Amino acid sequence: MLQSWRQACLKVFDRHQRSLPSTCHVRSWRTFSNSAVCLAFQRKPVAMEDYPCDVIRNFSIIAHIDHGKSTLADRYLTGTIAKKEKGSNHQVLDKLKVERERGITVKAQTASMFHDKGDTRFLLNLIDTPGHVDFSWEVARSLAACQGALLLVDASQGVQAQSISVFHVAKEKGLTIIPVLNKIDLPAAQPEIVAQQMQATFGIDPAEVIKISAKTGKGVEQVLQAIVERIPPPTGNPTDPLKAFLFDSSYDRYRGVISLMSIQDGILRKGDKVASCFTRKKYEVTDLGIMYPEEVSTDCLRPGQVGFVACSMKESSEAHIGDTFYRVGHPVESMPGFKPAKAMVYAGVYPVDSNDFLKLEESIKRLSLTDRSVEVTRETSSALGQGCRLGFLGTLHMDVFRQRLEDEYNADVIITAPTVPYKVIHRNGKESIVSNPTDFPEPADFASGGRAKAVEEPIVKASIIVPEKYFSAMMDLVFENRGTNLDWHTLDVTGEASGDGRVLMSATLPLAEIVTDFFDKLKSRSSGFASFDYEDAGYQASDMRKMTFLLNGKPVDALALIVHADKADAIGRHWVEKLFKVIPRQLFEIPIQAAVGGKIIARRTLSAMRADVTAGLYGGHYERKLKHLNNQKESKRKMKRVGQVDLPQEAFFDLLSSK
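The residue count restarts for each chain, going from 1 along the sequence in the order it is written. Since the coordinates come from a predicted model, pLDDT governs what is reported: local features require at least 70, and pairs of side-chain atoms require 80 or more to be given and counted, while whole-chain, interface and lining totals use all residues. Calculation of side-chain values draws on the structure's entire complement of heavy atoms; hydrogens and water are dropped beforehand.

Draft legend 1. Quick look at the overall build of the protein chain. Counting from the N terminus, the helices are the DSSP runs of H or I reaching at least four residues and the strands are the DSSP runs of E reaching at least two. The helix and strand tally for the protein chain stands at 16 helices and 31 strands. Relative accessibility thresholds used throughout: buried, under 20% of the residue-type maximum; exposed, over 50%; partly exposed, between the two (1.4 Å probe, protein chains only). Counting over 659 residues, the protein chain shows a buried share of 50%. In what follows, residue pairs with any heavy atoms lying within 4.5 Å of each other are defined as contacts. The long-range share in the protein chain, meaning contacts at least 24 apart out of those at least 6 apart in sequence, stands at 69%.

Draft legend 2. Representation of the sheet that holds strand β5 (residues 176-182) within the structure. In this analysis, strands are considered paired if DSSP registers two or more bridges between them. In spatial order, the strands read β2-β3-β1-β4-β5-β6; together these six strands make up an open sheet with mixed pairing. For this open sheet the edge positions go to β2 (110-117) and β6 (210-211), each flanked by a neighbour on one side alone. Sheet topology note: the β5/β6 ladder contains two bridges and is parallel. Within β6, the position partnered with valine 180 by the bridge is isoleucine 210. With axes taken as lines fitted to C-alpha atoms, and helix axes fitted only over the stretch in contact, angles between N-to-C directions fall between 0 and 180 degrees. Together, β1 (56-63), β2, β3 (120-127), β4 (148-154), β5 and β6 form the strand contacts of helix α8 (residues 220-230), whose direction differs from that of β5 by roughly 175°.

Draft legend 3. Seen up close, the environment of threonine 438. Structurally, the position occupied by threonine 438 is in the loop between β22 (431-434) and β23 (452-467). Along the backbone, threonine 438 and leucine 559 are 121 residues apart, and their C-alpha atoms lie at a distance of 9.2 Å. Leaving out residues up to four positions away in the same chain, threonine 438 has contacts with Lys546 and Asp557. Under this definition, polar contacts are N or O atom pairs within 3.5 Å; protein pairs additionally need one hydrogen-donor-capable and one acceptor-capable atom, and for neighbouring residues in sequence, both atoms have to be side-chain atoms. For threonine 438, the side chain forms a polar contact with the side chain of asparagine 436, separated by 3.1 Å.

Draft legend 4. Molecular detail of the pattern of salt bridges. Any carboxyl oxygen of Asp or Glu within 4 Å of a side-chain nitrogen of Lys or Arg constitutes a salt bridge here. Enumeration according to the criterion identifies 21 salt bridges in this entry. Note that glutamate 513 and arginine 482 form a salt bridge whose closest N and O atoms lie 3.0 Å from each other. Residue glutamate 513 is found in helix α12 (residues 511-514), and its partner arginine 482 is found in the loop between α11 (471-480) and β24 (484-490); the two are separated by 31 residues along the sequence. Judged by its relative accessible area of 10%, glutamate 513 is buried.

Draft legend 5. Layout of the side chain of asparagine 125. Residue position: asparagine 125 is located in strand β3. For asparagine 125, a relative accessible area of 0% gives the class buried. A polar contact is formed between the side chain of asparagine 125 and the side chain of asparagine 58, at a distance of 2.7 Å. Within polar-contact distance, the side chain of asparagine 125 engages the side chain of serine 112 at 2.7 Å. Aside from chain neighbours lying at most four places away, what touches asparagine 125 is Ile56, Arg57, Asn58, Phe59, Ala111, Ser112, Gly304, Gln305 and Val306.

Draft legend 6. Broad picture of the packing of aromatic side chains. Centre distance within 6.5 Å is the pairing criterion for rings of Phe, Tyr and Trp, where only the six-membered ring of Trp is used; planes under 30 degrees apart are then read as stacked, over 60 as edge-to-face, and the remainder as tilted. Evaluated as defined, the whole model comprises ten aromatic pairs. Taking the centre distance of 5.2 Å and the plane angle of 40° together, the rings of tyrosine 51 and phenylalanine 114 count as tilted. Taken as a pair, tyrosine 51 in the loop between α2 (35-42) and β1 and phenylalanine 114 in strand β2 lie far apart in primary sequence, 63 residues in all. Using a relative accessible area of 8% as the deciding quantity, one classes tyrosine 51 as buried. The class of phenylalanine 114 is buried, set by a relative accessible area of 17%. Judged by centre distance (5.2 Å) and plane angle (55°), the rings of phenylalanine 518 and phenylalanine 532 are tilted.

Draft legend 7. Quick peek at the packing of α11 against helix α13 (residues 518-525). With their axes 10 Å apart at the nearest point, α11 and α13 run at an angle of 160° to one another. What the angle tells us is that α11 and α13 run roughly antiparallel. Between α11 and α13 lies a crossing of right-handed hand. On the side of α11, the interface is formed by Ala473, Met474, Asp476, Leu477 and Glu480, while α13 contributes Phe518, Lys521, Leu522 and Arg525. Asp, Glu, Lys and Arg are counted as charged, while Ala, Val, Leu, Ile, Met, Phe, Trp, Tyr, Cys and Pro are counted as nonpolar; the rest, among them Gly, fall into the polar class. Counted by class, the contact of α11 with α13 contains five nonpolar, no polar and four charged residues. Here roughly perpendicular refers to angles of 65 to 115 degrees, roughly parallel to angles under 35, roughly antiparallel to angles over 145, and oblique to all remaining angles. Handedness of a helix crossing follows the sense of rotation of the near helix relative to the far helix, less than a right angle counterclockwise being left-handed and clockwise being right-handed.

Draft legend 8. Structural context of unusual backbone geometry. Even without glycine at this site, lysine 183 takes up a positive phi of about 65°. With phi around 50°, asparagine 410 is a residue other than glycine that occupies positive phi space. Position of asparagine 410 relative to the elements: it lies in the loop between α10 (395-409) and β20 (413-415).

Draft legend 9. Representation of the sheet that holds strand β16 (residues 324-327) in the model. Strand order in the open sheet made by the eight strands is β11-β10-β16-β7-β8-β15-β12-β13, with antiparallel pairing throughout. Lying at the two open borders of the sheet, with one neighbouring strand each, are β11 (282-284) and β13 (295-297). Averaged over all pairs of adjacent strands, the angle between strand axes in this sheet comes to 40°, irrespective of strand direction. Inspection of the sheet shows strand β12 (residues 287-291) paired to β13 by three bridges, in the antiparallel sense. When the bridges of β13 are listed, methionine 291 appears paired with glutamate 295.

Draft legend 10. Up close: the confidence of the model for the protein chain. Chain-level statistics for the protein chain give a pLDDT mean of 78 and a share of 79% at 70 or above. On a range of 0 to 100, pLDDT expresses the predictor's confidence in each residue. For the stretch residues 21-42, pLDDT sits under 50, and the model shows 18 contacts to residues farther than four places along the chain or on other chains. Contacts for the low-pLDDT stretch residues 80-89, under 50 throughout, to residues beyond four places or in other chains number eleven contacts.

Draft legend 11. Layout of the pairing of β4. Most of β4 is tucked away: seven of the seven residues are buried. The pairing of β1 with β4 spans five bridges and is classified as parallel. By the bridge assignment, alanine 63 is partnered in β4 with leucine 152. Sheet topology note: the β4/β5 ladder contains seven bridges and is parallel. For alanine 149, the partnering residue across the bridge sits in β5 and is isoleucine 177. A right-handed crossover is one whose linking path, passing over the helix from the first strand to the second, runs clockwise when the strands point away from the viewer. Traced from β4 through helix α6 (residues 161-172) to β5, the parallel crossover comes out right-handed.

Draft legend 12. Up close: the packing of helix α9 (residues 357-370) against α10. Relative orientation of the contacting elements α9 and α10 amounts to 110°, with a least axis distance of 11 Å. Here α10 runs roughly perpendicular to α9, going by the angle between their axes. α9 and α10 meet at a crossing whose hand is right-handed. Within the contact between the two elements, α9 uses Lys359, Leu360, Ser363, Ile364, Arg366, Leu367 and Thr370 and α10 uses Phe401, Arg404, Leu405, Glu408 and Tyr409. Of the residues belonging to the contact of α9 with α10, the class tally is six nonpolar, two polar and four charged.

Draft legend 13. Spotlight on the environment of glutamine 162. Mapped onto the fold, glutamine 162 is located in helix α6. Note: C-alpha distance between glutamine 162 and serine 463 (301 residues apart in sequence) is 8.8 Å.

Structural data, given as structure tokens:
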């Protein structure tokens, strides 16, 4: 029976092999998926020797979020989409489901393409960048491997906060900037006015600005010509010892860590043994090539070229961003590396079902292999059980990570209220960083003789660009969120007289105020026209307090908060009202309290469920009914004294997911 089944399978396999093109039989074990694989094998192998540094251009696209970076890269530069078909999505650089659903770029991608100009064929290496402020670390990482950048500005929205931020980052790295105006086909586009804005803000000559429409393809050919003509080629000598710069990495479950490297000097080939300047570990190169736009293996990578390298690296933690690799036996001086990613927001992640913790922990570990900026530590809560404490670059980063957990690993999770890392200064001179409210010192610890001396909270330098008519509303918002050092100036050269101009505001804000609902209020009060960007500005002393919530007199550690003293009363009342709505009634009354130290600042009492003990009593003296009611009251008092209030996971989920 087994032999006949095996022969039948071999006949089906042989029939399938004969129906394939002859070019697919080179790697027949991969021809089961679809015809697209065969098309990939029909490509001629890329001879990297034909592309010296003179014909290579490494560039990136930088812009504010939703200004058309991915559309330009996907649709025309990589040539992956000829036209948009209704009901289909052929994006290449935005591969994640969350990226396509939200229309944003989360993970920086790399793609190589070829462009013919005259008799010369150029190799263009595009390194895509995210646009949201939370992913500025990805932007800095991408720019390190480039010699130039396209500064993309929406002709209908003009220069926005993130446009200014990424421009200065690119300038600091010495990149050649090519200004590009996108979306000129929109009815609301004002290319001339926006070009003047760019001149006033960046000092760019309007004559150098390229006006395009990535949607229709108008002017895109000029962008390719400008990349070839304006961006300088990389430098490098193929005869020098190998020096490779690692600027990104991803994880493959079968091949381990896949590194993206920029070759500075020397030649890297399959079979070479390389070593890391940072860890001193040695690896053997098993595969390398370029992203065209998917992985295409080549024989070697030469100076100035950017590609992927697989070298049997097992742990993602071994691939340090900014590390330098060299050939074993020929050490080189390491290049200036990146600053490691700094977590700005912390939150606890717990499974809805406590029995799923091990599955959740494994899912978080696998997902963090592809997102190196996430910090992961274990923690335990008496109310929620075992979970993980995660550090993120921002609230959007946290929300994207949660959605990826749900989409890719089918995880049902509860995320606690986000907190920021506080610096606690002790009386013995030591300093500690506290991100979990349960570890924050009590008010008694700050009294004379206590172990804590002061607390410093992280602050940021915020930039807000807003139309003039919303300026007063933005000032109120900044001061409501404890903003200081407010400064502003008009951004537009024209339009000031009519009140249609825009204002660039800068202020110092506590990070704790931004990670809650600041961005929602910003968009609401400006009717969606304001743009926002911020950068780390260190720490400053502040009067922070630990707020705990008590149910029936017992604290719930998972609901602890760190709040400013001036806002403690309002926040306490707000959260007590939320708890009052989600906690199920018990057989005894439950006092819900918010406390700072030993002081109760807010309280609501959840009444008990009561049986009608007087329903069967008819007539008689009123003391008969009173006796039954007093007995019921005494029973409720005993239940309250010994009763336990277990806050169900569903109540936690409703509480922490609601605004």
